[in-house]
Amino acid sequence: AVGESLRDSLTSNGFQPVWKSSGGEGIRHAQTASPDLVILDVRLPDGSGFDFCRQMRQMHLRQPILMLTARREEADKILGLEMGADDYLTKPYSTSELLARVRALLRRAYGELASGDDNTLYAGDLVIDRGRGQVSRGSQILNVTPTEFRMLVYLAQNAGQVVSRGQILDAVWGYDTDTQSERAVNVHIRRLREKVEPEPSKPTIILTVPGLGYRLSG
């Protein structure tokens, strides 16, 4: 019933959804068809959506992932973000809220990455190519998600300045969601550090400013 409702709502609003009824089928489709976005239910017949989310990120599948669940506990929301999800929607939800989340994720991932005149930014030895939506160190392309990329772009645009968690939430998420908490920002920063810092436990690129927020080393 959930799958049919989602498919009908997305189709009637101009999207072209493909519905897979298990996590395994969904991952295989994501590998072969490269959909622009994945809506992933936590409760699936062949396992947990959290595990499938983690598998997708380990396989370097970079599409935005919106997780759906009936659970409202903060720990579950944080777990979804830890596994690599970009946003989180709890049931019951309205069609308008679902569509707002989907459109915002697509806009962040594909519609705004190359905006602005300066398409190349730098952070330490990192090269941030906004035109291609890529982060590289030397010849190595780093496997960051669209949300992580957008966060790094925002920090790089404000290199040397302290930005608060609220400013990051406004710039990266851009609308009022239930992932907009300081813990959500902390989770994404930690995941980003694991990918861009030579020693994530001793960050030299994304610095914490106690009581204020974060600063990208200038």
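Residues numbered from 1 in each chain as written. Predicted model: local features only at pLDDT ≥ 70, side-chain atom pairs only at ≥ 80, totals over all residues. Heavy atoms only, no water.

1. A short note on unusual backbone geometry
Inference 1: Of the consecutive residues Lys91 and Pro92, the connecting peptide bond is found in the cis state with omega at -5 degrees.
Inference 2: Checked against the element boundaries, Pro92 lands in the loop between strand 5 (87-90) and helix 5 (95-111).
Inference 3: Unusually for a residue other than glycine, Ser34 sits at a positive phi of about 50 degrees.
Inference 4: As for its position among the elements, Ser34 is in the loop between helix 2 (23-33) and strand 1 (38-41).
Inference 5: On the basis of relative accessible area, Ser34 is assigned to the partly exposed category, the value being 48%. (Helix = DSSP H or I, 4+ residues; strand = E, 2+ residues; numbered from the N terminus. Buried < 20%, exposed > 50% of the residue type's maximum accessible area, 1.4 Å probe, protein only.)

2. Some details on the side chain of Ser136
Inference 1: In this structure, Ser136 sits in strand 8 (residues 134-137).
Inference 2: Using a relative accessible area of 14% as the deciding quantity, one classes Ser136 as buried.
Inference 3: Beyond its immediate sequence surroundings of up to four residues, Ser136 is in contact with Asp125, Leu126, Val127, Ile141 and Leu142. (Contact = heavy atoms within 4.5 Å.)

3. Focus: the pairing of strand 8
Inference 1: Bridging between strand 7 (residues 126-129) and strand 8 involves four bridges; their strand directions are antiparallel. Opposite Leu126, over in strand 8, you have Arg137 as the bridge partner.
Inference 2: Turn length for the strand 7-strand 8 hairpin, with the two strands adjacent in sequence and antiparallel, is four residues, and the turn residue Gly133 shows positive phi of about 70 degrees.
Inference 3: The pairing of strand 8 with strand 9 (residues 140-142) spans three bridges and is classified as antiparallel. Looking across to strand 9, one finds that Arg137 is bridged to Gln140.
Inference 4: Where strand 8 hands over to strand 9, the hairpin turn is made up of two residues, of which Gly138 adopts a positive phi near 65 degrees. (Pairing = 2+ DSSP bridges.)

4. Some thoughts on helix 7 (residues 165-172)
Inference 1: Residues of helix 7 that are buried include every one of Arg165, Ile168, Leu169 and Val172, and no others. In an axial view of helix 7, the angular spread of the buried residues amounts to 100 degrees, which keeps them on one side of the axis. (Arc of directions from axis to C-beta.)

5. Focus: the environment of Thr120
Inference 1: Assignment of secondary structure puts Thr120 in strand 6 (residues 120-123).
Inference 2: Judged by relative accessible area, which is 29%, Thr120 ranks as partly exposed.
Inference 3: Sequence separation between Thr120 and Arg57 is 63 residues; the distance between their C-alpha atoms is 25 Å.
Inference 4: Beyond its immediate chain neighbours, meaning those up to four positions away, Thr120 contacts Val127 and Ile128.

6. Observations regarding the layout of surface pockets
Inference 1: Space inside the largest pocket adds up to approximately 920 Å³.
Inference 2: Forming the walls of the largest pocket are 34 residues, and the residues nearest its centre are Val18, Trp19, Leu37, Val38 and Ile39.
Inference 3: Breaking the lining of the largest pocket down by element, the ones donating at least two residues are helix 1 (2-12), helix 2, strand 1, strand 2 (43-44), helix 3 (49-58) and helix 5.
Inference 4: A per-class count over the lining of the largest pocket returns 22 nonpolar, seven polar and five charged.
Inference 5: Here the second largest pocket is characterised by a volume of approximately 270 Å³.
Inference 6: Considering the residues around the second largest pocket, the lining is formed by 17 residues, among which Arg57, Asn143, Arg191, Glu194 and Lys195 are closest to the centre. (1 Å grid on protein atoms, 1.4 Å probe; cavity = no way out; pocket = protein on both sides within 12 Å on 5 of 7 lines; lining within 4 Å. Points joined across faces, edges and corners; volume = space filled by probe spheres on them. Nonpolar A, V, L, I, M, F, W, Y, C, P; charged D, E, K, R; others polar.)

7. Structural notes on the sheet that holds strand 5
Inference 1: An order of 1-4-5 is seen for the three strands of this open sheet, with the pairing classed as parallel. Since the sheet does not close on itself, it has two edges, and those belong to strand 1 and strand 5, each with one partner. Pairwise comparison of adjacent strand axes, ignoring direction, gives a mean angle of 25 degrees for this sheet.
Inference 2: The pairing of strand 1 with strand 4 (residues 65-69) spans four bridges and is parallel. Among the inter-strand pairings, Leu40 is bridged to a residue of strand 4, identified as Met67. (Axes fitted to C-alpha atoms, helices over the stretch in contact; angles between N-to-C directions.)

8. Some points on the environment of Trp173
Inference 1: When you line up the elements, Trp173 lands in the loop between helix 7 and helix 8 (182-196).
Inference 2: Note: C-alpha distance between Trp173 and Ala104 (69 residues apart in sequence) is 7.8 Å.

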